[in-house]
Amino acid sequence: AKAVTQKKREVEQQRVFSPQRRETRSIDDEIVFPVCDREVLSLAIRYPDGLERLATSGAEHALADQRSREFFKKLAANQPDQVVSQLNEDEMRFFARVRLEVPAVSRTGADENESAESIEQREIKRCEDQLVDICELLRSRTQSRQQAQVLDQLRAVQSGDKDEAMELLRQLKDMIGRPDE
């Protein structure tokens, strides 16, 4: 069951952050953010308790569009009830649209007397799960980017300073978690 859950997360991560989703589309032709950025931004709006974890996972740097990065900075720098005054018109439209969406909580199997608290708890759980998935992906992307930078630096010094090359190799080993041999 754990392997199936992990595979589902990987498929969802690939879907959300695939290069094909980087194209920019509008929501009812009102606001433009790249599709792949909307997942992160929507989660940041729906679940402000997760903003700090998104930020420490590198969300700002992983967003594809400068407007998305600026919007994320505003969300992260302000309290949820104060952020509205900091938003431009397009950001406000997107913010309002996300906040007004009915939570996508399945009512399948729920009785009609289910409390609003129960529904809210399921939405929080769904947001938590999505937050974990996005943070894992962001950490992985950050690590891959750092490894690529170290490899580029290593290639640049191959014929030069051997001490610098050894230091870069040590950094690369630390990043990939292999013990020194």
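Model, not experiment: these values are computed from the prediction.

Undergrad: I would appreciate a short explanation of the overall build of the protein in the present structure.
TA: Looking only at helices and strands, one finds eight helices and two strands in the protein. What you see in the protein, going N to C, is helices and strands ordered as α-β-β-α-α-α-α-α-α-α. Expressed as a percentage of the 181 residues in the protein, the buried residues total 32%. For the protein, the share of sequence-separated contacts (at least 6 apart) that also reach a separation of at least 24 residues comes to 54%. Put simply, the protein shows about 11,700 Å² of open surface, and 49% of that area lies on carbon and sulfur atoms.

Undergrad: I keep staring at the packing of helix H2 (residues 35–46) against helix H5 (residues 66–77) and nothing clicks. Help me out?
TA: Angle between the axes and distance between the axes are the two parameters that describe a pair of packed helices. Between H2 and H5, whose axes approach to 11 Å, the crossing angle comes to 15°. In terms of orientation, H2 and H5 fall into the roughly parallel class. The way H2 lies across H5 gives a crossing that is left-handed. Listed contacts from H5 to Asp37, Val40, Leu41, Ala44 and Ile45 of H2 are Ser68, Phe71, Phe72 and Leu75. Across the contact of H2 with H5, the residue classes break down as seven nonpolar, one polar and one charged.

Undergrad: Would you take a moment to explain the confidence of the model for the protein for this structure?
TA: As a general rule, the predicted coordinates of low-pLDDT regions are not to be interpreted in detail. Put simply, the protein has an average pLDDT of 76, and 73% of its residues get 70 or more. Element-level mean pLDDT values for the protein span from 44 in strand S1 (residues 24–27) up to 93 in H5. This model gives residues 19–30 a pLDDT under 50, and the stretch forms 30 contacts once residues within four places in sequence are excluded.

Undergrad: Sorry if this is basic, but what is going on with helix H6 (residues 89–100) here?
TA: Given 3.6 residues per helical turn, the α-helix brings residues three or four places apart onto the same face. In this model H6 runs 16 Å from its N-terminal to its C-terminal C-alpha over 12 residues, within 8% of the 16 Å that 1.5 Å per residue would give. The N-terminus of H6 is capped by Asn88, whose side-chain oxygen sits 3.1 Å from the backbone nitrogen of Asp90.

Undergrad: What's the story with the environment of Val35 in this structure? I'm lost.
TA: Residue position: Val35 is located in helix H2. A C-alpha to C-alpha distance of 9.3 Å links Val35 and Ala64, two positions 29 residues apart in sequence.

Undergrad: I tried to follow the packing of helix H7 (residues 116–157) against helix H8 (residues 162–176) on my own but got confused; where do I start?
TA: Between H7 and H8, the least distance of the axes is 9 Å, while the angle of their chain directions is 160°. One element, H7, and the other, H8, form an angle in the roughly antiparallel class. Judged by the twist between their axes, the crossing of H7 over H8 is left-handed. From H7, Gln143, Gln146, Gln147, Val150, Leu151, Gln153, Leu154 and Val157 reach across to H8, where they touch Glu164, Ala165, Leu168, Leu169, Gln171, Leu172, Met175 and Ile176. When the residues that make up the contact of H7 with H8 are grouped by side-chain class, the tally is 10 nonpolar, five polar and one charged.

Undergrad: Is there a simple way to explain the packing of aromatic side chains in this structure?
TA: Two measures describe an aromatic ring pair: the distance that separates the ring centres and the angle between the ring planes. One pass over the structure, following the stated rule, counts three aromatic pairs. Consider the rings of Phe33 and Phe71, whose centres lie 5.4 Å apart with planes at 10°: the pair is stacked. Here the residue Phe33 occupies a position in strand S2 (residues 31–34), and Phe71 occupies one in helix H5, the gap between them amounting to 38 residues. The residues Phe33 and Phe71 share a single accessibility class, namely buried. In textbook terms, an aromatic cluster arises when at least three aromatic residues are bridged by ring pairs, as seen for Phe33, Phe71 and Phe94.

Undergrad: Quick question: what am I supposed to make of the nonpolar core here?
TA: Nonpolar side chains in soluble globular proteins tend to end up buried together. The biggest cluster of nonpolar side chains holds 25 residues, and the ones touching the most others in it are Leu41, Leu54, Phe71, Phe72 and Leu75. If we skip the residues at most four places from it in the chain, Phe71 touches Phe33, Leu41, Ile45, Leu87, Glu91, Phe94 and Phe95. Grouped together as the second largest cluster of nonpolar side chains are six residues, Leu154, Val157, Ala165 and Leu168 included.

Undergrad: Would you mind showing me how to read empty space enclosed by the protein here?
TA: Rolling a probe over the atoms, with the probe sized like a water molecule, indicates the empty space that remains. Tallying each qualifying case throughout the model produces one cavity of 30 Å³ or more. By volume, the largest cavity amounts to about 60 Å³. Around the largest cavity sit Ala44, Ile45, Pro48, Leu51, Leu75, Asn78, Gln79, Pro80, Val83, Phe95 and Arg99, which together line it. Looking at the lining of the largest cavity, the elements that each hand over two or more residues are H2 and H6. In terms of residue class, the lining of the largest cavity is built from eight nonpolar, two polar and one charged.

Thresholds applied
Each chain carries its own residue numbering, running from 1 in the direction its sequence is written. With pLDDT at 70 or above as the cut-off, local features in this predicted model cover only qualifying residues; side-chain atom pairs require 80 or more to be listed or tallied, and sums for whole chains, interfaces and linings still use all residues. With hydrogens and water stripped out, all remaining heavy atoms of the structure feed into the side-chain values. A run of DSSP states H or I qualifies as a helix once it reaches four residues; a run of E qualifies as a strand once it reaches two. Both are numbered from the N-terminal end. Per-residue accessibility, obtained with a 1.4 Å probe over protein chains only, is compared with the maximum for each type, and a residue is labelled buried under 20%, exposed over 50%, and partly exposed between these values. The contact definition used throughout considers only heavy atoms, calling two residues in contact when any of these lie within 4.5 Å. With residues, only the protein chains shown are counted as cover, and all accessible areas are computed by Shrake-Rupley using a 1.4 Å probe. The convention used is that axes are lines fitted to C-alpha atoms, helices contributing only their stretch in contact, and that angles between N-to-C directions extend from 0 to 180 degrees. Any angle that falls under 35 degrees is termed roughly parallel, while one over 145 is termed roughly antiparallel, one within 65 to 115 roughly perpendicular, and all others oblique. Crossings are sorted by hand: turned counterclockwise from the far helix by less than a right angle, the near helix makes the crossing left-handed, and turned clockwise it makes it right-handed. When residue character is reported, Ala, Val, Leu, Ile, Met, Phe, Trp, Tyr, Cys and Pro are called nonpolar, Asp, Glu, Lys and Arg charged, and the others, Gly included, polar. Known as pLDDT, the predictor's confidence for each residue is given on a scale from 0 to 100. The span you would expect from a helix comes to 1.5 Å times its residue count less one. Polar contacts here mean pairs of N or O atoms no more than 3.5 Å apart (in protein, one a potential hydrogen donor and the other a potential acceptor; neighbouring residues in sequence count only if both atoms are side-chain atoms). Stacked, tilted and edge-to-face pairs are distinguished by plane angle, under 30 degrees for stacked and over 60 for edge-to-face with tilted covering the rest, among Phe, Tyr and Trp rings (Trp via its six-membered ring) whose centres lie within 6.5 Å. By nonpolar core is meant a set of buried Ala, Val, Leu, Ile, Met, Phe, Trp, Tyr and Cys residues that side-chain atoms within 4.5 Å join together. The way it works is a 1 Å grid over only the protein atoms, where trapped points that fit a 1.4 Å probe form a cavity and open points with protein on both sides within 12 Å along at least five of seven lines form a pocket, and then any residue with an atom within 4 Å of a point lines it. Grid points are joined across faces, edges and corners, and a volume is the space filled by probe spheres set on the points.

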